[in-house]
Amino acid sequence: MPPLIAPTLHTDPESALAQVSAIYAQQINHLREAMQRFVAGDAMPRRVRACYPYVAIHTETVVPQAALENAGLSYGFVASAGRYVTTITRPDLYANYFLEQFHLLLQNHGVPLEVGTSNEPIPIHFSFAEHDHIEGNLPPSRRMMMRDLFDLPDLGTMDDGIANGTMRFDAGQPHPLSLFTASRVDYSLHRLRHYTGSTPDWFQNFVLFTNYQFYIDEFVRLGHEEMHRPDSEYVAFVEPGNVVTRRMGLPREPMDSLGAPLPRLPQMPAYHLIRPGHGGITMVNIGVGPSNAKNITDHVAVLRPHAWMMLGHCAGLRNSQQLGDYVLAHGYVREDHVLDEELPLWVPIPALAEIQVALEQAVADVTQCQGADLKRIMRTGTVASTDNRNWELLPGNEPQRRFSQSRAVALDMESATIAANGFRFRVPYGTLLCVSDKPLHGEIKLPGMANTFYRERVDQHLRIGMRAIEILRSQGPTRLHSRKLRSFDEVAFQ
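Attention here is on the structure that accompanies the text. (Residues numbered from 1 in each chain as written. Predicted model: local features only at pLDDT ≥ 70, side-chain atom pairs only at ≥ 80, totals over all residues. Heavy atoms only, no water.)

1. A look at unusual backbone geometry
In plain terms, the rule: Here a strand is any run of E in DSSP of at least two residues, a helix any run of H or I of at least four, and the numbering for each starts at the N terminus. Using a 1.4 Å probe on the protein chains alone, a residue whose accessible area is under 20% of its type maximum counts as buried, one over 50% counts as exposed, and one in between counts as partly exposed.
For Arg304, which is not glycine, the phi torsion reads 55° and is therefore positive. Mapped onto the fold, Arg304 is located in the loop between helix H8 (290-300) and strand E11 (307-316). Since its relative accessible area comes to 4%, Arg304 is described here as buried. Non-glycine residue His337 carries a positive phi angle of around 70°. Considering the arrangement of structural elements, one finds His337 in the loop between strand E12 (326-335) and helix H9 (353-367).

Below is the structure:
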């Protein structure tokens with residue numbers, strides 16, 4: 001191990017972050033230098049280990065509820081007296097996020113932050129630089145030696161017990177400051193690269209998910225349009241492979257040259273319309289199905305976005321609906337099954353007022369419809385999500401009866417999963433779907449009908465989602481992070 005950096009106390013967020021960064025750099029450089037020697041074929045007489053930095057707070061008091069109400073905050077404080085700690089990774093990526101969390105803890109509790117070196121090992125795979133592919137250059141025999149010389153990812157330190165509310169603590173054991181340990185964060189950052197084809201550094205704080213490539217094609221078109229507008233609020237557009245297009249008049253930056261078009265798209269490609277301070281829009285084509293929806297949101301959650309929303313197509317379940325009508329979800333029937341273990345079905349998934357109002361206003365702004373005309377093209381109601389794409393072929397009409405009993409107005413395969421994982425990970429969520437077929441009423445998808453529908457609705461639907469993000473962004477993140485998403489014994493970090 002590298003020389004120990006002893007714990008230090010800090011009363012301002014900048015010095016705390018600087019110390020976290022110093023410890024992280026020391027530990028990561030130690031691993032990288034050792035790995036370079038290993039790849040070069042040097043004999044390694046001893047096991048090499050480095051550990052994540054940690055941040056802790058010890059308080060004897062509880063923040064008065066009146067102070068929290070006046071501040072309008074649902075995070076930034078610990079639930080009760082005691083010691084709270086979290087390990088930290090990538091202080092470069094999370095610098096602004098950490099500064100805000102540190103500032104709120106210092107402000108709300110008036111005690112110093114403790115920063116030191118933890119006992120949680122950094123897996124060697126998580127020490128590689130962004131464009132390193134060292135392990136792939138090793139022969140199999142030497143690759144097998146890695147586990148004897150370095151720490152490999154340990155799933156025992158990466159589970160979601162904190163987020164799920166299932167972790168139990170012995171008397172005197174520190175409680176967590178964050179939903180995720182450092183190694184859990186690193187695990188998801190690496191998964192995001194794999195699934196989306198872009199580095200996590202590009203992800204923005206507002207995320208749109210879709211289940212159709214048509215929406216991505218339109219987002220790409222709009223992204224490049226923005227780059228040709230010298231007055232655009234967006235400064236860059238990034239496509240899979242980290243291919244960067246800068247706004248007209250802006251110079252290229254050093255990391256832009258590292259990107260290259262991919263020979264084939266990744267499983268869930270991500271596209272990023274960049275705004276300063278990560279205030280732009282990321283859009284991900286998650287494909288079809290609740291498994292994909294859970295997979296991507298499990299990993300995007302570690303970036304702590306301010307909101308994510310689903311824009312996609314659905315089956316309209318009411319005869320009064322027309323193809324092209326919108327559905328704003330205010331409740332969910334969860335028959336997706338992928339989150340049953342983490343989030344039991346008896347947990348309600350509430351609609352979040354801030355998201356609902358923004359989406360409804362966005363529909364009105366883009367369509368120029370108001371009052372009765374708005375209600376004619378958009379219905380607010382329950383959305384059912386199923387893991388059975390051919391639910392309508394099941395005998396006995398059992399699914400239809402359940403959907404009728406639940407008062408569902410639309411059905412898809414992803415929305416409930418995305419909303420439920422937003423609830424689980426304390427990420428504000430919303431759903432606006434577009435009716436593309438009505439299987440219960442004889443209107444099924446046929447190629448000609450579908451193509452016409454897509455051409456007529458995709459552009460408008462996407463603009464509605466982007467307009468909703470503009471509305472939410474203008475309100476500031478404090479209003480978005482609702483107390484409805486926080487548990488009794490909640491972590492302090494947003």
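2. Here we look at the sheet that holds strand E5 (residues 175-176)
Operational definition: Criterion used throughout: strands pair if DSSP finds at least two bridges between them. Throughout, a residue-residue contact means that at least one pair of heavy atoms, one from each residue, lies within 4.5 Å. Angles shown run from 0 to 180 degrees and are taken between the N-to-C directions of axes, each axis being a line fitted to C-alpha atoms and, for helices, limited to the stretch in contact.
Strand order in this open sheet of five strands is E1-E4-E2-E3-E5, and the pairing throughout is mixed. Looking at strand neighbours, the two that pair on one side only are strand E1 (8-10) and E5, the edges of this open sheet. The sheet contact formed by strand E2 (residues 51-59) and strand E4 (residues 113-121) spans five bridges and is antiparallel. Within E4, the residue paired with Ala56 across the bridge is Glu114. Lying on the sheet, helix H3 (residues 95-109) is in contact with E1, E2 and E4; it crosses E2 at an angle near 20°.

3. Looking at the packing of helix H1 (residues 13-39) against H3
How we decide: Working definition: roughly parallel below 35 degrees, roughly antiparallel above 145 degrees, roughly perpendicular at 65 to 115 degrees, and oblique for all remaining angles. Crossing handedness follows the turn of the near helix against the far one: under a right angle anticlockwise gives a left-handed crossing, and clockwise gives a right-handed one. The nonpolar class holds Ala, Val, Leu, Ile, Met, Phe, Trp, Tyr, Cys and Pro. Asp, Glu, Lys and Arg form the charged class, and all remaining residues, Gly among them, are polar.
In the contact formed by H1 and H3, the axes pass within 9 Å of each other and the chain directions differ by 130°. With respect to each other, H1 and H3 are oriented oblique. The handedness of the crossing between H1 and H3 is right-handed. In this structure, H1 contributes Pro13, Glu14, Ala16 and Leu17 to the contact, and H3 contributes Ala95, Phe98, Leu99, Phe102, His103 and Leu106. Looking at side-chain class alone, the contact of H1 with H3 contains eight nonpolar, one polar and one charged residues.

4. Examining the packing of aromatic side chains
As a reminder of what qualifies: Aromatic rings from Phe, Tyr and Trp, with only the six-membered ring used for Trp, were paired whenever their centres fell within 6.5 Å, and each pair was classed as stacked if the ring planes differed by under 30 degrees, edge-to-face if by over 60, and tilted otherwise.
Within the structure shown, the criterion is met by eleven aromatic pairs. Seen in terms of ring centroids, Tyr94 and Tyr97 are 6.1 Å apart; in terms of plane orientation they differ by 65°. Their pairing is edge-to-face. Side by side, Tyr94 and Tyr97 carry an identical accessibility label, which is buried. Geometrically, the ring pair formed by Tyr212 and Phe214 is tilted, given 6.4 Å between the ring centres and 40° between the ring planes. An aromatic cluster is built from Tyr94, Tyr97, Phe98, Phe102 and Phe493, whose rings are joined through pairwise contacts.

5. Let's talk about the pattern of salt bridges
The test is simple: Each salt bridge in this description consists of a side-chain nitrogen of Lys or Arg and a carboxyl oxygen of Asp or Glu lying within 4 Å of one another.
In total, this model carries 25 salt bridges according to the counting rule given. Taking the shortest distance from any N to any O, the salt bridge between Arg221 and Asp459 comes out at 3.4 Å. Of this pair, Arg221 sits in helix H7 (residues 213-227) while Asp459 sits in helix H13 (residues 447-475), placing them 238 residues apart in sequence. Look at Arg221 and you get partly exposed, because its relative accessible area is 36%. The partner of Arg467 in a salt bridge is Asp365, with the nearest N and O atoms 2.9 Å apart. A residue pair is termed long-range when its members are at least 10 positions apart, and Arg467 in helix H13 and Asp365 in helix H9 qualify at 102 residues. Residue class for Asp365 comes out partly exposed when judged on its relative accessible area of 24%.

6. With respect to the pairing of E2
Within E2, eight of the nine residues are buried, leaving the element largely enclosed by the surrounding structure. As paired elements, E2 and strand E3 (residues 82-87) share six bridges and run antiparallel to each other. Considered in E3, the bridge of Thr59 is made with Gly82.

7. Let's talk about H7
What counts here: Multiplying one less than the number of residues by 1.5 Å gives the expected span of a helix.
A rise of 1.5 Å per residue sets the reference length of H7, with its 15 residues, at 21 Å; its end C-alpha atoms lie 21 Å apart and thus fit the reference within 8%. Taken together, the buried positions of H7 are Tyr215, Ile216, Glu218, Phe219, Val220, Leu222, Gly223, Glu226 and Met227.

8. Observations regarding the side chain of Thr59
Our working rule: In protein, a polar contact means a hydrogen-donor-capable atom and an acceptor-capable atom, both N or O and within 3.5 Å, with residues adjacent in sequence counting only if both atoms are side-chain atoms; elsewhere, any N or O pair within 3.5 Å suffices.
Looking at where Thr59 falls in the secondary structure, it is placed in strand E2. Here Thr61 takes part through its backbone oxygen, which lies 3.1 Å from a polar atom of the side chain of Thr59.

9. Some words on the pairing of E3
Judged from the two bridges that link them, E3 and E5 form a sheet pairing that is parallel. Its bridge partner being in E5, Tyr84 is matched across the sheet by His175.

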